[in-house]
Amino acid sequence: MVTGSAVIETEGLTKSYGTFQALKGVDLRVERGQVHGFLGPNGAGKSTTIRVLLGLLRADGGTVRLLDGDPWDDVTELHRRLAYVPGDVSLWPGMTGGEAIDLLGSLRGGLDEHRRTELIERFELDPTKRGRQYSKGNRQKVAIVAALASNVELLIMDEPTSGLDPLMESVFQDVVQEAKAEGATVLLSSHILAEAESLADKLSLIRDGRIVESGTLAELRDHTSTTIHAVLGRPLDSAAVAALGDAQVDGSRVTAQVESTRVGDAMEVLTPFGISSLTVTPPSLEHLFLRLYEPDDTDAGP
Amino acid sequence: MSESLTGTRPLLGALAKHDGSRFAPWVLIVTALSASSVLVYPWIFPDAADRAALAAAVGSNPALGLIFGPAYDLSTVDGFNSWRSLALGGFLTALGAIFLVTRATRAQEDSGQAELLASGVMGRSSRLMAASLLALGASLMLGLVVGLVTVLFGGGWEDSMLLGFTFAGTGWMFTGIASVTAQIGGDSRSANSMAVGTLGVLFLARGFLYSVEAPEWTTWVNPLGWMQETRPASGNHWWPLALAVGFSVVALAVGFYLQAQRDFGQGAIAPKPGPGRGRYTTTWRLALRQNRGPIVTWSIAFVALGFVFGFFVTSIYDLLGSDLAVQQAIAGGAVTPEGLVGAFMATILSMVGIVAAVPGVQTVVRIRTEEVNDRVEPIMATATPRWRYYASNVIVALGAPTIFVLIAGTLVAVLASSADIGVELGDGVLQAVATVPAVWTVVAFSVAVIGARPQIPVAAWIGVLLSFAITLLGPTFNLPDWALAISSFWHVPKVTLPDPEWIGLVWISLVTIVFLAVGFAGFGKRDLATTPSTPLRGPARLLAGAGE
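Analysis parameters
Residues numbered from 1 in each chain as written. Chains lettered and ligands numbered in written order. Predicted model: local features only at pLDDT ≥ 70, side-chain atom pairs only at ≥ 80, totals over all residues. Heavy atoms only, no water. Helix = DSSP H or I, 4+ residues; strand = E, 2+ residues; numbered from the N terminus. Contact = heavy atoms within 4.5 Å. Areas by Shrake-Rupley, 256 points an atom, 1.4 Å probe, with all protein chains shown as cover. Lys, Arg positive; Asp, Glu negative; His and termini not counted. Charge placed at Lys NZ, Arg CZ, Asp CG, Glu CD. Buried < 20%, exposed > 50% of the residue type's maximum accessible area, 1.4 Å probe, protein only. Pairing = 2+ DSSP bridges. Right-handed = clockwise from strand over helix to strand, strands pointing away. Phe/Tyr/Trp six-rings, centres within 6.5 Å; stacked < 30°, edge-to-face > 60°. Lys NZ or Arg CZ within 6 Å of the ring centre and 35° of its normal. Buried area = accessible area lost by both parts, 1.4 Å probe. Salt bridge = Lys/Arg side-chain N within 4 Å of Asp/Glu carboxyl O. Polar contact = N/O pair within 3.5 Å; in protein donor to acceptor, adjacent residues only side chain to side chain. Patch = residues over 30% accessible without salt bridge, like charges linked within 9 Å, V, L, I, M, F, W, Y side chains within 5 Å. Axes fitted to C-alpha atoms, helices over the stretch in contact; angles between N-to-C directions. Parallel < 35°, antiparallel > 145°, perpendicular 65-115°, else oblique. Left-handed = near helix turned anticlockwise from the far one by under 90°. Nonpolar A, V, L, I, M, F, W, Y, C, P; charged D, E, K, R; others polar. pLDDT = per-residue confidence, 0-100. Expected span 1.5 Å × (residues − 1). Domains from an automatic or database assignment.

It is worth spelling out the overall build of chain A at this point. Each helix and strand counted, chain A has eleven helices and 13 strands in total. If you line up chain A on its principal axes, its C-alpha atoms span 70 × 45 × 35 Å. A fraction of 69% describes how many contacts in chain A between residues 6 or more apart in sequence connect residues 24 or more apart. In the structure as shown, chain A presents an accessible area of about 12,500 Å², 49% of it carried by carbon and sulfur atoms. Distance between charge centroids for chain A: 5 Å, based on 29 positive and 45 negative side chains.

Okay, structure coming up:
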């Protein structure tokens with residue numbers, strides 16, 4: 001069932017809270033050594049999935065494998081090999097950030113002193129403040145430092161940067177890249193697209209308790225359309241407009257939406273009319289992502 | 001309305017709607033306390049002989065006076081009710097008012113709700129004003145409800161209404177005190193602790209000074225003493241209520257003054273930077289760290305309790321000598337003085353044990369609070385098995401009360417053995433040790449609740465409430481043995497008897513083990529509490545909705 005390279009594999013994972021079905025069959029596969037983006041709107045089931053992976057919640061149905069173990073039964077053994085950054089970090093009010101980092105580190109089985117010092121410096125964190133004094137962003141930093149200071153195989157992060165400023169966000173991206181370079185696998189839940197776009201090797205999009213798309217960025221882009229703006233020497237004839245499919249013509253200007261795989265075909269149609277200016281915009285993840293938020297109609301897969 | 005109070009009215013409305021219901025249980029308990037007295041009195045004490053026996057029983061047990069205060073007149077329904085309800089009812093109302101004020105001020109600041117409010121069109125003092133008005137209104141309502149319901153159940157009109165108003169008055173005074181501590185404490189918990197601590201000290205001081213027949217002025221320096229001096233059903237003095245109103249106005253004024261001085265989210269006591277490195281490397285040390293403050297505070301309280309109770313035991317002959325019924329019993333050979341002292345000490349140490357169970361249950365309930373606040377989740381995401389986290393806290397919850405009972409028990413034993421009343425030091429200490437398993441049973445019940453059915457954390461307190469009610473009131477109400485046996489403290493052997501029944505400790509320890517097993521199994525198997533997202537709750541949500 002589990003191939004050697006999958007660090008996380010779930011099939012048909014379901015979980016309900018009372019009558020509310022939070023997960024309706026999640027199929028998620030995260031390969032070793034990759035950064036896997038886990039995207040979806042609020043309430044789609046990201047945090048629930050992550051909590052099942054952490055053995056905090058018990059799945060109702062389906063199969064879950066994590067680091068070749070069962071997240072519920074092999075909980076302590078697995079947790080030595082992973083670290084977690086919650087989305088909503090809640091610290092002990094009277095305990096300093098430094099104390100919290102050391103506590104979580106030693107409960108995980110020790111942390112890398114050198115790395116701890118370096119991370120605190122890079123994130124400009126004051127470890128002597130008490131939990132209740134930290135802002136949201138600083139609480140987030142405490143959790144990030146605590147997780148990254150132990151050299152673990154798997155990092156599970158639930159919207160880790162939601163309180164960070166842009167400068168710290170870029171530090172975070174560097175640090176995750178470094179962890180990946182050292183061989184760590186990262187599951188990164190987010191709804192910040194730029195973050196996922198720049199970090200993730202693969203993406204899974206979750207909506208309403210189900211994974212609706214999964215693949216590399218390039219694969220996901222193939223499913224969406226590329227925008228072509230062109231200024232032509234002479235206006236398009238009707239046959240050419242029909243060939244382009246979805247096109248708007250304004251005199252010599254043309255704006256067309258074509259499938260990513262058919263950009264070459266479109267060029268062949270346009271070239272005879274004498275291209276004087278041309279921009280081809282690849283689909284952004286945002287297009288893809290916004291579709292997740294649209295009412296349930298065309299795109300919601302089974 | 002001045003500018004600093006802008007927005008008080010809508011805030012008060014929202015608060016009343018959301019937090020008002022939290023006060024309902026207090027109204028219920030106090031009403032039940034008072035109404036049940038008038039209901040059962042004629043039934044249990046139908047004639048004058050029974051009532052005289054009750055008076056004798058109460059007079060012979062100074063420990064009762066410590067909790068309930070002076071019994072001015074136990075020969076009428078209303079006199080009995082005001083003895084049984086006045087002190088406790090006021091205490092409970094004050095607790096309700098304190099929690100209401102702290103919750104609507106500091107707890108909101110800690111959770112961030114208040115920030116949303118403070119940034120809206122809202123005067124600087126509006127939140128404190130709304131919180132104070134809510135607590136004042138709720139206390140007053142409690143007083144009226146108690147008075148009217150008691151009348152309905154057969155209490156006298158003026159006696160019952162005055163009794164109700166003493167509760168309201170106590171609630172008002174502690175609204176004022178809570179408004180001050182809410183400005184001083186570093187966070188909501190310390191604000192609550194300070195106010196509840198003040199209440200506890202004043203409550204014990206009142207009972208103690210009454211029981212040792214201290215000079216009369218000692219009653220008048222204690223605000224709780226003022227309420228005592230209204231003497232419902234045996235004099236009906238209304239004017240001390242004016243003192244209560246005056247006290248709360250002054251305390252509130254101090255509260256508002258301090259509120260204007262302090263920064264949002266900070267108490268008057270500013271926090272210092274802490275250590276950059278941690279020494280807490282295990283869940284066991286974390287549990288100790290989290291309970292460090294309460295353990296220190298409670299230890300001090302138990303030293304005080306040990307002295308107070310020890311003093312009681314040494315003066316037992318003075319206390320009992322004035323009581324005719326007891327003298328007759330001794331003279332008739334029905335009881336020996338030594339047996340009486342031994343039984344008295346066992347009762348005293350049971351009371352110490354019940355009080356010691358409170359911090360134990362608090363520690364267990366805190367596990368749930370930590371869980372709901374997402375602070376257990378990061379720990380469970382490390383290589384910590386659930387049972388180990390739970391066990392660390394349970395050991396503290398069982399261990400701390402053990403130390404408390406031994407502290408107070410040793411002090412009682414030392415004082416008693418030095419007073420030449422026929423008590424050996426070893427007897428006293430042994431009695432304290434014998435009480436400990438009964439405390440464990442009560443705490444273990446809360447371990448079962450929080451482990452297996454944490455959705456109703458209030459249920460964790462059932463053990464404490466039952467043992468308190470049964471141990472203190474059971475014998476007075478002539479409850480049958482099977483009912484008394486529900487309390488684990490009933491099974492504690494009296495070690496000074498020739499043949500103490502140690503087997504009782506085995507039974508309650510078996511029950512303890514079952515409770516612990518249920519709790520650990522539950523905590524290991526259930527889903528941890530999750531907050532899928534952080535929706536606005538309560539007043540913040542109402543106001544946010546209204547602003548759109």
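Residue and element names in this part refer to chain A. Burial runs high along strand 7 (residues 185-190): six of the six residues are buried. Residues Thr-185, Leu-187 and Ser-189 line one face of strand 7 and the alternating positions Val-186, Leu-188 and Ser-190 line the opposite face, and both faces are buried. Across five bridges, the pairing between strand 3 (residues 35-39) and strand 7 is parallel. The residue bridging Leu-39 from the neighbouring strand is Ser-190, located in strand 7. For strand 6 (residues 154-158) and strand 7, the ladder comprises five bridges, and the chain directions are parallel. Paired with Met-157 across the two strands is Leu-188, which belongs to strand 7. Following the chain from strand 6 across helix 6 (residues 166-181) to the adjacent parallel strand 7, one finds a crossover that is right-handed.

All names here are of chain B. Summed over the entire model, instances satisfying the criterion amount to 16 aromatic pairs over all chains. Ring geometry for Phe-80 versus Trp-83: centroids 6.1 Å apart, planes at 45°, classification tilted. Taken together, the residues Phe-80 and Trp-83, both in helix 5 (residues 77-111) and three residues apart, mark about one turn of the helix. Comparing Phe-80 with Trp-83 shows no difference in burial state: the two are buried. Consider the rings of Trp-220 and Trp-239, whose centres lie 5.7 Å apart with planes at 10°: the pair is stacked. Of the two residues, Trp-220 is situated in helix 10 (residues 217-220) and Trp-239 in the loop between helix 11 (223-228) and helix 12 (240-261); the sequence distance between them amounts to 19 residues. Joined through ring pairs, the aromatic side chains of Tyr-41, Phe-45, Phe-68, Phe-80 and Trp-83 make up one cluster. Looking at Arg-206, its charged tip hangs above the ring of Phe-203, at a distance of 4.9 Å from the centre.

This part covers the pairing of strand 5 (residues 82-85) of chain A. Where a strand is regular, its side chains alternate between the two sheet faces. Residue and element names in this part refer to chain A. By the alternation rule, side chains of strand 5 split into Leu-82 and Tyr-84 and Ala-83 and Val-85, which are all buried. Here four bridges tie strand 5 to strand 6, and the two strands are oriented parallel to one another. The residue bridging Tyr-84 from the neighbouring strand is Ile-156, located in strand 6.

Size of an interface: often given as the accessible area lost when the parts come together. Residue-level contacts link 39 residues of chain A with 40 residues of chain B. Between chain A and chain B the total buried area reaches about 3,500 Å² when both faces are included, carbon and sulfur atoms providing 53% of it. Here chain A and chain B share four salt bridges between them. Its salt-bridge partner being Glu113(A), residue Arg277(B) comes within 2.8 Å of it at the nearest N-O pair. Run the count over chain A and chain B and you get 21 residue pairs in polar contact (both at pLDDT 80 or more). Considering every element that reaches the side of chain A that touches chain B, the biggest residue donor is helix 3 (residues 97-108) of chain A, with eight residues.

All names here are of chain B. On the surface, Ile-503, Val-506, Trp-507, Leu-510 and Ile-513 cluster together into a nonpolar patch covering about 510 Å² of accessible area. Mapped onto the secondary structure, Leu-510 falls in helix 22 (residues 503-525). You can call Leu-510 partly exposed: its relative accessible area is 44%.

Turning to the environment of Lys17(B), a few remarks are in order. Residue and element names in this part refer to chain B. Of note, Lys-17 is situated in helix 1 (residues 8-19). Judged by its relative accessible area of 65%, Lys-17 is exposed. Sequence spacing of Lys-17 and Ala-56 is 39 residues, and the spatial spacing of their C-alpha atoms is 47 Å.

To continue, consider the sheet that holds strand 8 (residues 202-207) of chain A. All names here are of chain A. Strand order in this open sheet of six strands is 5-6-7-3-8-9, and the pairing throughout is mixed. Among the strands making up the open sheet, the edge pair consists of strand 5 and strand 9 (210-216). Between one strand axis and the next, the sheet turns through 15° on average, direction left out of account. In this fold helix 6 packs onto strand 3, strand 6 and strand 7, with an angle of close to 155° to the strand it touches most, strand 6.

Residue and element names in this part refer to chain A. Strand order in this open sheet of four strands is 11-12-10-13, and the pairing throughout is antiparallel. A single partner strand is all that each edge strand has here, and the edge strands are strand 11 (246-250) and strand 13 (275-281). Between one strand and the next, the sheet's axes are offset by a mean angle of 15°, whatever the strand orientation. Sheet topology places strand 10 (residues 225-232) next to strand 13; six bridges connect them, and they run antiparallel. Note that in strand 13 the partner of Ala-230 across the bridge is Leu-278. The strands that helix 10 (residues 263-270) touches are strand 10, strand 12 (253-259) and strand 13; relative to strand 10, the one it contacts most, it runs at about 15°.

Let's shift gears to the packing of helix 19 (residues 425-452) of chain B against helix 22 of chain B. All names here are of chain B. In contact at an axis separation of 7 Å, helix 19 and helix 22 are set at 25° when each is read in the N-to-C sense. With respect to helix 22, the axis of helix 19 lies roughly parallel. The crossing of helix 19 and helix 22 is left-handed. Contacts between helix 19 and helix 22 involve Ala-434, Pro-437, Ala-438, Trp-440, Thr-441, Ala-444, Phe-445, Val-447, Ala-448, Gly-451 and Ala-452 from the first element and Leu-505, Ile-508, Ser-509, Val-511, Thr-512, Phe-515, Leu-516, Val-518, Gly-519, Gly-522 and Phe-523 from the second. Per-class residue counts for the contact of helix 19 with helix 22 are 16 nonpolar, six polar and no charged.

Turning our attention to unusual backbone geometry. Residue and element names in this part refer to chain B. One non-glycine residue, Ala-233, lies in positive phi territory at about 70°. Phi is positive for Asn-236, close to 50°, though the residue is something other than glycine. Position of Asn-236 relative to the elements: it lies in the loop between helix 11 and helix 12.

Let us now look at the confidence of the model for chain A. Residues and elements named next belong to chain A. Looking at chain A as a whole, the pLDDT averages 85, with 92% of positions reaching at least 70. Confidence, expressed as mean pLDDT per element, reaches its minimum in chain A at helix 11 (residues 285-293) with 67 and its maximum at helix 4 (residues 113-122) with 93. Across residues 297-302, confidence stays below pLDDT 50; counting only partners more than four residues off in sequence or on other chains, it has four contacts.

As a further point, take helix 2 (residues 24-44) of chain B. For helix 2 of chain B, spanning 21 residues, the distance from its first C-alpha to its last is 29 Å, which sits close to the expected 30 Å at 1.5 Å a residue. Buried residues of helix 2 of chain B: Trp26(B), Val27(B), Val30(B), Thr31(B), Leu33(B), Ser34(B), Ala35(B), Ser37(B), Val38(B), Val40(B), Tyr41(B) and Ile44(B), and no others.

Okay, the domain arrangement of chain B next. The assigned domain composition of chain B is domain 1 (1-264) and domain 2 (281-532). Placing the centre of domain 1 of chain B and that of domain 2 of chain B at their C-alpha centroids yields a distance of 26 Å.

Before going further, it helps to examine the pattern of salt bridges. All chains considered together, the criterion is met by 23 salt bridges over all chains. Each of Asp102(A), Glu113(A), Arg116(A) and Arg277(B) takes part in salt bridges that share partners, so that together they form one network.

You can see Arg386(B) is positioned in helix 18 (residues 386-417). Although Arg386(B) is buried, it forms no salt bridge, and the closest oppositely charged side chain is Asp527(B) at an N-O distance of 5.9 Å. A distance of 3.1 Å separates the side chain of Arg386(B) from the backbone oxygen of Gly55(A), its partner in a polar contact. At 3.3 Å, the side chain of Arg386(B) and the backbone oxygen of Phe523(B) are in polar contact.

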